[in-house]
Every structure is written in structure tokens, then in C-alpha cells.
Amino acid sequence: MEKDKIDKKEHILDVAEKVFADLGYDGASTRTISGEAGVNMAMLNYYFGSKEGLFLAVFERKINSFRTLLQNIGSDGSMNAWDKLDKCIDNYVERIIANNCFQKLINREVSMNKRGDLTDKIIEILMVNVYEVKRIMEEGVNTGLFHADADIPMVIATLFGTKNYIVNMPQLSSLILGHDIRDEKFMENELKPRVKTYMKRLLKAYLVKEHDNSK
């Protein structure tokens, strides 16, 4: 019985993620989501309480799973800071390229200069993972592996900003990259490895002392 409850709740979240991504928070309704999910309104309200509660649950599910992964990487004493960041990039790219529905949802609700309590809550959820990546970079600085004057906020902006540009501006980025990035085969076989290689070379050249070519 408990497993059935979990499966039903996950199903509702899957449907809600797609509906919110397609219609936005303002355009979506709990009635539409309950209809798409094949559940009654009472069940939806029982699990999530309100449309805002459901919306935040969609975000928290995605972000929390990645947060656990980042925390496990960050606490792994067998790797140095660069190896940890290298692994973070691999996992980050795998998720952002695969989860376009969620990325579309983030862009729609956060990147359009909306303000309000809901947007603040979403940003607060997102920032937790940013802080996990920041801790790894700070570890690199503190251990002497990364340059002491490394501009960590700019590195983070570069990492997340590259994703935002590619994923959230598909028409323009497709022209720049020479292929339709919405082509799933291209995304899996070419775009993912390309983004990973680019980000690793760029960040390693900037962060790691042994790659300092400024002298």
C-alpha cells in the first residue's frame, strides 16, 4: 500500500512537471494536472495541499536528488577538488541535457525577471546546489590546487550560464552549434560530450595552477 502511494505521488509529479513546463505556473491549474494524471482533486490536495505546494514539490524532487549526488562527491576523500569538479560537470551535463522539461520550467519561472514569494522559494531551492559546487571550488583554493585569486562566483556563472544559453535559446544556439540541439540523438551522442569537454578544459585552464599560461 505504501509503495502504491509513493508511485502515485511520483506519477502526479511527473505529470505536473510537464504541465507546468508547457503552460507555466500561472497558466496551469490543479484541475488540469489532476485530469492529466488521472487522479481526483482530493488526492492531489492531500499530497501537496495547493498548486504552489505541488509546484515546489516538482522543484524539490529534482534538486534534492542532485544535491545528494553533489554532497557525496564533495565528501569523497579519495578525490582532490579538481577531480570532484570534473565529476560534478559530468553529472550536471547529463542531467541538464536529459531533463529539458525541467530546464524549460526553470527558465519560464525564474529567468523572466519574475518576483514574488514563489520565485524567491524556487531560487532558494536552486541555490543550495550552487553552494555545494562553491564548496568544492573553495576546497581547491584552500588546498592550493586552485589559484588563490580565482573568481569563484564568475566560474559558477560561467558553468550555469552556458547551460542557460544552450538549453533556453534553442533556435539561436542551434545556429551557432551547427545542429538542431532538440535532436535527441545529437544531444546524446554529440552535444553532451562537447559541452563536457568544453567546460572541463575551460575551467581547468582557469582554476588549476599547473595550467597557468599567464606567465
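Residues numbered from 1 in each chain as written. Predicted model: local features only at pLDDT ≥ 70, side-chain atom pairs only at ≥ 80, totals over all residues. Heavy atoms only, no water.

An unreviewed UniProt entry annotates the chain as DNA-binding transcriptional regulator, AcrR family originating from Mucilaginibacter gossypiicola.

Let's shift gears to the environment of Val 133. Residue position: Val 133 is located in helix H7 (residues 117-142). In this structure the C-alpha to C-alpha distance between Val 133 and Leu 70, which are 63 residues apart in sequence, comes to 7.3 Å. Once residues lying within four places of it in the same chain are set aside, the contact partners of Val 133 are Leu 70, Leu 85 and Leu 159. (Helix = DSSP H or I, 4+ residues; strand = E, 2+ residues; numbered from the N terminus. Contact = heavy atoms within 4.5 Å.)

By secondary structure assignment, the location of Lys 196 is in helix H10 (residues 184-207). In this structure Lys 196 touches Ile 89, Asp 90, Val 93 and Glu 94, once residues within four positions along its chain are discounted.

A few words on the nonpolar core. Membership of the largest hydrophobic core comes to 33 residues, with the highest contact counts inside it found for Leu 85, Ile 89, Met 137, Leu 191, Leu 203 and Leu 207. Where this core is concerned, the elements lending two or more residues are helix H4 (51-74), helix H5 (81-98), H7, helix H8 (152-168) and H10. Examining the composition of this core, we find that 9 residues originate from one element, H5, more than from any other. Those residues in contact with Leu 207, other than ones at most four positions away along the chain, are Leu 85, Leu 145, Phe 146, His 147, Ala 150 and Val 155. (Core = buried A, V, L, I, M, F, W, Y, C linked by side-chain atoms within 4.5 Å. Buried < 20%, exposed > 50% of the residue type's maximum accessible area, 1.4 Å probe, protein only.)

With that out of the way, let us pick up empty space enclosed by the protein. To locate leftover empty space, one rolls a probe as large as a water molecule over the atoms. Tallying each qualifying case throughout the model produces 2 cavities of 30 Å³ or more. Listing elements by their share of the lining of the largest cavity, those giving two or more residues are H5, H8 and H10. Of all the elements, H8 adds the most residues to the lining of the largest cavity, at 5 residues. In terms of residue class, the lining of the largest cavity is made up of 9 nonpolar, 1 polar and 1 charged. Empty space within the second largest cavity amounts to approximately 40 Å³. Forming the walls of the second largest cavity are Phe 66, Cys 88, Ile 89, Tyr 92, Val 133, Leu 159 and Phe 160. (1 Å grid on protein atoms, 1.4 Å probe; cavity = no way out; pocket = protein on both sides within 12 Å on 5 of 7 lines; lining within 4 Å. Points joined across faces, edges and corners; volume = space filled by probe spheres on them. Nonpolar A, V, L, I, M, F, W, Y, C, P; charged D, E, K, R; others polar.)

Another aspect to go through is H7. Between its first and last C-alpha atoms H7 spans 36 Å; for 26 residues at 1.5 Å apiece the expected length is 38 Å, and the two agree. The set of residues buried in H7 consists of Leu 118, Thr 119, Ile 122, Ile 125, Leu 126, Asn 129, Val 130, Glu 132, Val 133, Ile 136, Met 137 and Gly 140. At the C-terminal side of H7, Gly 144 shows a positive phi close to 85 degrees. (Expected span 1.5 Å × (residues − 1).)

The subject of this paragraph is the packing of aromatic side chains. Aromatic ring pairs are defined here through the distance separating the ring centres and the angle between the ring planes. Under the defined criterion, the tally for this structure stands at 8 aromatic pairs. Ring geometry for Phe 55 and Phe 59: centres 5.2 Å apart, planes at 55 degrees, overall tilted. With a gap of 4 residues between them, Phe 55 and Phe 59 both fall in helix H4, about one helical turn apart. A residue is classified by how much of its surface remains accessible, and Phe 59, at 0% relative accessible area, is buried. Considering the side-chain rings of Phe 66 and Tyr 92, the 6.3 Å spacing of their centres and the 25 degrees angle between planes classify their relative orientation as stacked. Taken together, the residues Phe 66 in helix H4 and Tyr 92 in helix H5 connect sequence positions 26 residues apart. With relative accessibility at 10%, the residue Phe 66 sits in the buried group. Aromatic ring contacts, followed pair by pair, group Phe 20, Tyr 25, Phe 55 and Phe 59 into a single cluster. It is Lys 51 that lies over the ring of Tyr 25; its NZ or CZ is 4.4 Å from the centre. (Phe/Tyr/Trp six-rings, centres within 6.5 Å; stacked < 30°, edge-to-face > 60°. Lys NZ or Arg CZ within 6 Å of the ring centre and 35° of its normal.)

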